[in-house]
Amino acid sequence: MIVSASYRTDIPAFYGAWFERRLDAGSCEVRNPYGRPYTVRLDRESVSGFVFWTRNAAPFLPVLDRLAAAGYPFVVHYTITAYPRLLETSVIDPARAARQVHAIARAFGPRAAVWRYDPIIVTGATPLSSHVERFSRLAEALAGAVDEAVLSFATFYRKTRRNLAVAGGAPGLAWDDPAVERKQALIAELATAAREFGMRATVCAQPDLAAGGAREARCIDARRLGDVAGRPSPAREKGNRPGCACHEARDIGAYDSCPHGCIYCYAVASPGAARARHARHDPAAPSLL
């Protein structure tokens, strides 16, 4: 079984102590937002690999060392977008993030890290025309550390629209949802820039936008985990939503618990409530919240 930790929150940045305790315990409890709570076993026999999602891996690097020593294969999806503070209030500096990605690649191999430039959000502060230059600058900084750049355009869910409205008032927060043809044109340009720095561009859960050589992303990728492990890691394809090509995994995170404060985040309905939940977090509890 592949364990995702977590597309619902940033476990490496904020909940590493809880993760280590659950690793010691051999399991964790998950409050399923769509149904009954469930238990996920974390012992070596049960886990075929971990997929981590983060914007700051530094607090988690000792845990990655421990996992590697214990024989757990893992992949780290690292989001670096370099957007203005208007949009992401507390993520670490892109240069510092890039150094962490290089450190992961040096320590655990060239297939252990994936760069995510997503979501692509078009606002007054981040016009469509700005993304090629920003992406190219980041790709140059990450060259040699990753072989894949995952792309997607922001989806304006109700909570996303609400958070943009609550934080609104500044001209930079006026957002736009470009036509499909304009999105495809940008994806094609980003795919070209990615190739210049030894990466292939993939598109997450938006197959209609794959253009210019960009391919469909598989963020939970058993083949990549197999490459990291040096042995096959079979899993069936079971996406999380329409257009998702991921292999099957169990996620152990919780929505509304990441305090990064990115106002476009689909996993947080209220940044203030997320900060409050993080403050109340008990690292010794069986479940994250």
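Enquirer: I'm lost on the sheet that holds strand E4 (residues 49-54) in this one. Help?
Expert: Adjacent strands of a sheet form backbone hydrogen bonds with each other and so pair up, either parallel or antiparallel. One open sheet accounts for eight strands, arranged E11-E10-E8-E6-E5-E4-E1-E12; its pairing is parallel. If you trace the sheet from one side to the other, it starts and ends with strand E11 (215-216) and strand E12 (249-251), each paired once. One ladder, built from four bridges, connects strand E6 (residues 113-120) with strand E8 (residues 148-153); its direction is parallel. By the bridge assignment, Arg 116 is partnered in E8 with Val 150. Where helix H4 (residues 94-108) meets the sheet, its contacts fall on strand E5 (74-79) and E6, and the angle it forms with E5 comes to roughly 165 degrees.

Enquirer: Whenever I open this one, unusual backbone geometry confuses me. Can you help?
Expert: Across the chain, the bulk of peptide bonds are trans and the bulk of non-glycine residues have phi less than zero. Here the residue pair Ala 5 and Ser 6 is connected by a cis peptide bond, since its omega of -10 degrees sits within 30 degrees of zero. The backbone of Ala 82 sits at a positive phi, close to 60 degrees, despite the residue not being glycine. On the secondary structure map, Ala 82 appears in the loop between E5 and H4. Among the residues examined, Ala 82 registers a relative accessible area of 19% and is labelled buried. A positive phi angle, close to 55 degrees, is found at Asp 256, a residue other than glycine.

Enquirer: Looking at this structure, how should I read helix H2 (residues 16-25)?
Expert: Since one α-helical turn is 3.6 residues long, residues separated by three or four positions face the same way. What H2 keeps buried is the set Gly 16, Trp 18, Phe 19, Arg 22 and Leu 23. Looking straight down H2, one finds its buried side chains confined to an arc of 155 degrees; they lie on one side. Among the structural elements, helix H1 (11-14), strand E2 (27-30), E4 and helix H3 (61-70) are those in contact with the buried residues of H2. Just downstream of H2 lies Gly 26, where phi reads positive at about 90 degrees.

Enquirer: Is there a simple way to explain the state of the cysteines in this structure?
Expert: Disulfides are covalent bonds that link the sulfur atoms of two cysteine residues. In total, this model carries zero disulfides according to the counting rule given. In this structure Cys 28 is not part of a disulfide, and its nearest cysteine sulfur, from Cys 258, lies 18 Å away. Overall, the relative accessible area of 0% leaves Cys 28 in the buried class. Cys 262 forms no disulfide, and the closest cysteine sulfur to it belongs to Cys 265, at a distance of 6.5 Å.

Reading the values: the criteria
- Chains are numbered independently. Their residues run from 1 in the order of the written sequence.
- The predicted nature of this model means local features are confined to residues of pLDDT at least 70 and side-chain atom pairs, given and counted, to a pLDDT of 80 or more, with totals for whole chains, interfaces and linings taken over all residues.
- To get the side-chain values, take all heavy atoms of the structure and skip hydrogens and water.
- The criterion for strand pairing is that DSSP finds at least two bridges linking the strands in question.
- Numbering of helices and strands runs from the N terminus; a helix is a DSSP stretch of H or I covering at least four residues, while a strand is a stretch of E covering at least two.
- Contacts between residues were defined by any pair of non-hydrogen atoms, one from each residue, lying within 4.5 Å.
- For helices, the fitted line uses only the C-alpha atoms of the stretch in contact; every axis is such a line through C-alpha atoms, and the angle between N-to-C directions lies from 0 to 180 degrees.
- Only protein chains enter the accessibility calculation, which uses a 1.4 Å probe. A residue is then buried if its area is under 20% of the maximum for its type, exposed if over 50%, and partly exposed in between.
- Arc definition: directions from the helix axis to the C-beta atoms.
- Whenever a pair of cysteine sulfur atoms sits within 2.5 Å, that pair is classed as a disulfide.

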